[in-house]
Amino acid sequence: MRILNSTNSQKGEELFLKIINKIGPIAGITVVILPLALYLHSRQPQKLPIGASFTINNQTIQLEVAREPQELYKGLKFRTALPPNHGMLFVVNKPEIISLWMKNTYVPLDMIFLKDGEIKNIVRKAPPCKTKECLTYSSNYPVNQIIELPAGSADSLGLNIGKSIQINLKQ
């Protein structure tokens, strides 16, 4: 057994307090900044590669492709603009009735719901949701693909229910 004298004990306490004085502010700042950084990161728009396109009425539309659950969930949220002739294709594994909303989506969109390329429903000019509760927009029928385009695109491209779109997926 070893008995510490009061001098060794005081030195140990002083060292401990010095360490806490150095680490304490860093830990405090981290506790405050980390959640804010994570929040801001989660609000960044995703930018997926162009993985598909379709051509209709001599216009080619470039599509980012969302397949993974996190990509499907985020979609076009937090985008402040979409370039002309540009949108996003959502690919779902098996046909099902899909509902979408415009929460955290800042640009009005057209939503084209398809089953194997055939248009089953179109939501035209869905406005951004600026309230806590947002409307949902349904496919009304089982679908396995959804295309989101800038509002007005469905009309300018002549898209209607029953029409087929030949989507060219890049390999």
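Before reading on, note that the structure itself is shown above.
An account of the accompanying structure is given in this report. (Residues numbered from 1 in each chain as written. Predicted model: local features only at pLDDT ≥ 70, side-chain atom pairs only at ≥ 80, totals over all residues. Heavy atoms only, no water.)

## Here's the deal with the overall build of the protein chain
- Counting secondary structure elements, the protein chain contains three helices and nine strands.
- Along the protein chain, helices (α) and strands (β) appear in the sequence α-β-β-α-β-β-β-β-β-β-α-β when read from the amino end.
- A buried classification covers 36% of the 171 residues belonging to the protein chain.
- In the protein chain, once contacts between residues fewer than 6 apart in sequence are set aside, the share between residues at least 24 apart is 71%. (Helix = DSSP H or I, 4+ residues; strand = E, 2+ residues; numbered from the N terminus. Buried < 20%, exposed > 50% of the residue type's maximum accessible area, 1.4 Å probe, protein only. Contact = heavy atoms within 4.5 Å.)

## Points about the nonpolar core
- If you look at the biggest cluster of nonpolar residues, it comprises 21 residues, and the most contacted ones within it are Ile98, Met102, Met111, Phe113 and Ile146.
- Of all the secondary structure elements, the ones that give two or more residues to this core are strand E3 (86-96), strand E5 (109-115), strand E6 (118-126) and strand E8 (143-150).
- Ile61, Leu114, Ile165 and Ile167 belong to the second largest nonpolar core, which has 18 residues in total. (Core = buried A, V, L, I, M, F, W, Y, C linked by side-chain atoms within 4.5 Å.)

## Thoughts on the environment of Pro83
- By secondary structure assignment, the location of Pro83 is in the loop between helix H2 (69-74) and E3.
- Through-space distance from the C-alpha of Pro83 to that of Pro150 is 8.3 Å; in sequence the pair is 67 residues apart.

## Brief notes about the sheet that holds E8
- Taken together, seven strands build an open sheet; the order of strands is E6-E5-E8-E3-E2-E1-E9 and the sheet is mixed. Looking at the sheet topology across the chains shown, the edges are occupied by E6 and strand E9 (168-169).
- Across six bridges, the pairing between E5 and E8 is antiparallel. The residue bridging Asp110 from the neighbouring strand is Leu149, located in E8. (Pairing = 2+ DSSP bridges.)

## What about the pairing of strand E1 (residues 50-56)?
- When you tally the buried positions in E1, you get five out of seven residues, the bulk of the element.
- As paired strands, E1 and strand E2 (residues 59-66) are joined by six bridges and run antiparallel to one another. Paired with Ala52 across the bridge in E2 is Leu63.
- As defined by bridge partners, E1 adjoins E9 across two bridges and the pair is classed as antiparallel. Within E9, the residue paired with Ser53 across the bridge is Asn168.

Purely geometric numbers; function is a separate question.
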